[in-house]
Number of protein chains: 2
Amino acid sequence: MIEDKNQSKTPLSELGEFGLIDHLTKDFSIKKKSTVKGIGDDAAVLDFKDEQIVVTTDMLVEGVHFDLSYMPLKHLGYKAMIVNLSDIYAMNAKATQVTVSIAVSNRFPLEAIEALYSGIKTAASLYDVDVVGGDTTSSTTGLIISITAIGTTKSKDVVYRSGAKSNDLLVVTGDLGAAYLGLQVLEREKEVFKVNPQNQPDLENYTYIIERQLKPEARKDIVKLLNDLEVKPTSMIDISDGLSSEIMHLCKESQVGCELYEDKIPLDPQVISTCEEFNLDSTTVALSGGEDYELLFTVSQEDYTKIKANPNFTVIGFMKDKSTGMNLITRAETSIPLKAQGWNSFNN
Amino acid sequence: MIEDKNQSKTPLSELGEFGLIDHLTKDFSIKKKSTVKGIGDDAAVLDFKDEQIVVTTDMLVEGVHFDLSYMPLKHLGYKAMIVNLSDIYAMNAKATQVTVSIAVSNRFPLEAIEALYSGIKTAASLYDVDVVGGDTTSSTTGLIISITAIGTTKSKDVVYRSGAKSNDLLVVTGDLGAAYLGLQVLEREKEVFKVNPQNQPDLENYTYIIERQLKPEARKDIVKLLNDLEVKPTSMIDISDGLSSEIMHLCKESQVGCELYEDKIPLDPQVISTCEEFNLDSTTVALSGGEDYELLFTVSQEDYTKIKANPNFTVIGFMKDKSTGMNLITRAETSIPLKAQGWNSFNN
């Protein structure tokens, strides 16, 4: 419905596997000094000297993680990169290389895969990473994208999920819940489109939340900012499944409890107005929505002065002794246990 | 038909995504010194000091790369590892870590995924690599496995596809064509089974070729052997798509031609007898069959004495000037151009 369906179409079988790989990867140049050999051998060769290496991988499946009726393929390629890069930044590391594997059915023409790769290429360029390998194969039905991202950092700078201490401040970047609400708007428009394909959706009031869903960004800037501010978080994670679930990961891995203040959770005005329209509770959306790709981290109290004035950061609570549990302090000042309502892909 | 279908079955939705990941990964321990942090954070952390790092990735898709009606899930997990490890060894490197991502539909119970992971674990243990991360998600239909393998080597030891010189000897390990023929036998038995499900297949005459299809091995031993013999190949590739296609990759990347001698191609007696039974030409099977996961490499003439007596190696031809092309010298001593008939996944 958003995509132009009248495009030229070249069947994939015309190129064959090697032809397709050559065609898709010919524009991927090597920019990182650490990439010794990129695409085109049995494996890529990297050289990081005395830095530590971080590695993460994520798989996106059509019909589970994305719906091509409103997700343009270029955006999908971009988002698939963001999902992985975000995990590298959540280790307080620099992303340097990625490998990209796709399985694609014959219903996709070459031009569709080119659109997907152009999104991957745009993200690689913007986030300054080399695409150094991958695999391109056919699938019997849908589209599957599997990306592995590699990054580096000095060993003293790595931030795990497990370092939070009691009394540490809990901090989040940006604002929350927008990506989930963007999805709700797109799902609603899809239903309208099914009934009346001539209907042109008016999405003017939803530009921010739809962009957060279709073209999210990873917080590369935060890793640099924290370094400039000389703040090393005690623990960090990226928000892919929803704030509540991520806080519980930090608490579990760090063996601490926490208090999260409902009135501190950062929300964009468009999130608030759209929640009212959809009759949704904005706190629930922020806690369980997911796909925001913001960073959630803890810092020791003494670092508070370094971060308090920065508009990128919101202190939303603090860590406590494990025995106190993980609690949300509501606007009415009652304490209720946090629940992990992160997206469970096996029930959807 | 080979698998026992009467097993206990736990639906995946009972565990949820995090429960499933915890359950499947709890037995993966860290053994490599270079693994600083494995499963359980946003990314794994690796430390290789001053070694170069090699990275490769491969994706296996149900209905394209495997058929679960004769591929037991444990073997599938094992083979998915082998496919990737083989690429690391083809760089003359040591495999050290892997990440494993799977997408699986609700039709698979927990026990099926456990069987898959037990094969992965067996391979990780046998090939001495750490499983350091991955992703577990649902799919709308089949099973997809995406593995990324990481290895290390000294920079002086890396062997690319591009280093072959005119007059270098072309050498292959093991024997060829067996995996493809094993698949033909299994496909035939599947057809028999469809007609008569009570029929018990007699596979006694096909044990070697079926094992080569269902439980291939990667030639880790060859990397060590070459090192012990003080032979550094000038170029190397693993045989996943068929001898012909791989030779052409080496020639293309190295800018050379070659002569391959039909009578030198190593074939197991079971390959020869099964080719007769199926009325297939054994040379065609070796050239185009694929999935042997043997190593194909070139060495300079002066290294011939170091390898000639070793039963692991067969010299099958030599490299020539690019202008002479890539040719097969038949048993009748005629020269015919090599064709890449490697498996094209978009036509199958």
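Bear in mind that the values here come from a model prediction, so they are computed numbers and not experimental data. (Residues numbered from 1 in each chain as written. Chains lettered and ligands numbered in written order. Predicted model: local features only at pLDDT ≥ 70, side-chain atom pairs only at ≥ 80, totals over all residues.)

(A) Seen up close, the overall build of chain A. When its secondary structure is counted, chain A shows 10 helices and 13 strands. Here chain A has a C-alpha radius of gyration of 21 Å; the compact-globule value for 348 residues is 20 Å, and the two agree. With the C-alpha coordinates of chain A rotated into their principal frame, the extents come out at 65 × 60 × 35 Å. Evaluated residue by residue, chain A yields a buried proportion of 54% over its 348 residues. Summarising the internal contacts of chain A: among those between residues at least 6 apart in sequence, 87% fall at separations of at least 24. (Helix = DSSP H or I, 4+ residues; strand = E, 2+ residues; numbered from the N terminus. Rg over C-alpha atoms; globule rule 2.2 N^0.38 Å. Buried ≥ 20, exposed ≤ 12 C-beta atoms within 10 Å, placed from the backbone. Contact = placed C-beta atoms within 7 Å.)

(B) Inspection of the sheet that holds strand E10 (residues 295-299) of chain A at higher detail. Residues and elements named next belong to chain A. Within the open sheet, the seven strands sit side by side as E8-E10-E7-E11-E9-E12-E13. Their pairing is mixed. Unpaired on one side and paired on the other, strand E8 (235-238) and strand E13 (335-337) mark the two borders of the sheet. Strand-to-strand twist of the sheet, defined as the mean angle between neighbouring strand axes without regard to direction, takes the value 25 degrees. As defined by bridge partners, E8 adjoins E10 across four bridges and the pair is classed as antiparallel. Within E10, the position partnered with Ser-235 by the bridge is Thr-298. (Pairing = 2+ DSSP bridges. Axes fitted to C-alpha atoms, helices over the stretch in contact; angles between N-to-C directions.)

(C) Summary view of the pairing of strand E6 (residues 144-153) of chain B. All names here are of chain B. A large share of E6 lies buried, amounting to 10 of its 10 residues. Alternating positions in E6 separate into two faces, Ile-144, Ser-146, Thr-148, Ile-150 and Thr-152 on one and Ile-145, Ile-147, Ala-149, Gly-151 and Thr-153 on the other, with burial throughout. Bridging between strand E3 (residues 52-61) and E6 involves 10 bridges; their strand directions are antiparallel. What sits directly across from Gln-52, in E6, is Thr-153.

(D) Molecular detail of the sheet that holds strand E3 (residues 52-61) of chain A. The strand order E5(A)-E4(A)-E6(A)-E3(A)-E2(B)-E1(B) describes an open sheet built from six strands, whose pairing is mixed. Both edges of this open sheet fall to strand E5 (130-138) of chain A together with strand E1 (35-37) of chain B, since each of them pairs with a single strand only. The average undirected angle you get between the axes of adjacent strands in this sheet is 20 degrees.

(E) Structural context of helix H5 (residues 207-214) of chain B. Among the residues making up H5(B), those that are buried are B:Ile209, B:Ile210, B:Arg212, B:Gln213 and B:Leu214. Looking at the buried residues of H5(B), the elements they touch are helix H2 (73-89), helix H4 (178-195) and helix H8 (269-278) of chain B.

(F) Fine view of the relation of the copies chain A and chain B. Turning chain A through 180 degrees and shifting it by 0.0 Å along the axis lays it on chain B, with an RMSD of 0.0 Å. Both copies are brought into coincidence by an operation consistent with a two-fold rotation axis. Comparing interface residues between copies, 100% of those in chain A also sit at the interface in chain B, which points to an isologous, same-surface contact. (Least-squares fit on C-alpha atoms with pLDDT ≥ 70 in both.)

(G) Molecular detail of the packing of helix H2 (residues 73-89) of chain A against helix H3 (residues 110-126) of chain A. All names here are of chain A. The N-to-C vectors of H2 and H3 enclose an angle of 40 degrees; their axes lie 6 Å apart at closest approach. Classified by the angle their axes make, H2 and H3 are oblique. In the crossing of H2 with H3, the sense of the turn from one axis to the other is right-handed. Along its contact with H2, which presents Leu-73, Lys-74, His-75, Leu-76, Gly-77, Tyr-78, Met-81 and Ile-82, the element H3 presents Ala-112, Ala-115, Leu-116, Tyr-117, Ser-118, Gly-119, Ile-120, Thr-122, Ala-123 and Ala-124. (Parallel < 35°, antiparallel > 145°, perpendicular 65-115°, else oblique. Left-handed = near helix turned anticlockwise from the far one by under 90°.)

(H) Focus on unusual backbone geometry. A positive phi angle is found at A:Glu291, which is not glycine, with a value near 65 degrees. With respect to the helices and strands, the residue A:Glu291 is situated in the loop between helix H9 (282-288) and E10. Judged by local crowding, A:Glu291 falls into the buried class, with 22 C-beta atoms found within 10 Å. Backbone geometry places B:Glu333, a non-glycine residue, at a positive phi of 65 degrees. Note on placement: B:Glu333 falls in the loop between strand E12 (326-329) and strand E13 (335-337).

(I) Broad picture of the environment of B:Ala309. Tracing the backbone through its elements, the reader meets B:Ala309 in the loop between helix H10 (304-307) and strand E11 (313-320). For the pair formed by B:Ala309 and B:Asp67, sequence separation is 242 residues and the distance between their alpha carbons is 40 Å.

(J) How the structure looks around the interface of chain A and chain B. In this complex, chain A contributes 59 residues to the contact, which on the side of chain B involves 59 residues. By residue number, the principal contributor to the side of chain A that touches chain B is E3(A), which donates nine residues. Residues of the side of chain A that touches chain B, tallied by class, amount to 24 nonpolar, 23 polar and 12 charged. Taken together, the three bridges between E3(A) and strand E2 (residues 44-46) of chain B define a ladder with antiparallel strand orientation. Bridging across to E2(B), A:Ile53 finds its partner in B:Leu46. (Nonpolar A, V, L, I, M, F, W, Y, C, P; charged D, E, K, R; others polar.)

(K) View of the packing of H4(B) against H8(B). All names here are of chain B. At a minimum axis distance of 10 Å, the contact between H4 and H8 shows a crossing angle of 45 degrees. When the interaxial angle is binned, H4 and H8 end up oblique. Both H4 and H8 take part in a crossing whose hand is left-handed. Together, Ala-178, Leu-181, Gln-184 and Val-185 of H4 and Val-271, Thr-274, Cys-275 and Phe-278 of H8 make up the contact between the two elements. Taken together, the residues that form the contact of H4 with H8 break down as six nonpolar, two polar and no charged.

(L) Region of the structure containing the pairing of strand E4 (residues 94-104) of chain B. Residues and elements named next belong to chain B. Most of E4 is tucked away: 11 of the 11 residues are buried. Where E4 lies against E6, nine bridges are found, and the strand directions are antiparallel. Residue pairing across strands places Ser-101 opposite Ser-146, the latter belonging to E6. Relative to strand E5 (residues 130-138), E4 is paired through eight bridges, and the arrangement is parallel. Note that in E5 the partner of Ile-102 across the bridge is Thr-136. After leaving E4, the chain enters helix H3 (residues 110-126) and then returns to the sheet as E5, a path that is right-handed. (Right-handed = clockwise from strand over helix to strand, strands pointing away.)

(M) Fine view of the domain arrangement of chain A. All names here are of chain A. Taken as a whole, chain A is organised into domain 1 (12-157) and domain 2 (169-337). Placing the centre of domain 1 and that of domain 2 at their C-alpha centroids yields a distance of 26 Å. Facing the 17 residues of domain 1 at the interface are 19 residues of domain 2. Looking at which element gives the most residues to the side of domain 1 that touches domain 2, the answer is H2, with nine residues. Of the residues assigned to the side of domain 1 that touches domain 2, the class counts are nine nonpolar, four polar and four charged. (Domains from an automatic or database assignment.)

(N) Region of the structure containing the nonpolar core. One finds A:Met81 and B:Met81 to be the most contacted residues of the largest nonpolar core, which totals 215 residues. When sequence neighbours within four positions are dropped, the list of residues in contact with B:Met81 reads B:Val98, B:Ile120, B:Ala123, B:Ala124 and B:Ile147. (Core = buried A, V, L, I, M, F, W, Y, C linked by C-beta atoms within 7 Å.)

(O) Summary view of the environment of A:Asp42. Position of A:Asp42 relative to the elements: it lies in the loop between strand E1 (35-37) and strand E2 (44-46). When the C-alpha positions of A:Asp42 and A:Gly133 are compared, they lie 9.0 Å apart, and in sequence the two are 91 residues distant.

(P) Structural detail: the environment of A:Lys49. As for its placement among the helices and strands, A:Lys49 is situated in the loop between E2 and E3. It is 51 Å that separates the C-alpha atoms of A:Lys49 and A:Arg331, two residues lying 282 residues apart in sequence.

(Q) Structural detail: the confidence of the model for chain A. Residue and element names in this part refer to chain A. This prediction gives chain A a mean pLDDT of 90; 96% of its residues lie at or above 70. Note on residues 343-348: pLDDT under 50 across the span, and 15 contacts to partners over four residues away in sequence or across chains. Here the complex is predicted with pTM 0.90, and the ipTM for its interfaces comes to 0.88. (pLDDT = per-residue confidence, 0-100.)

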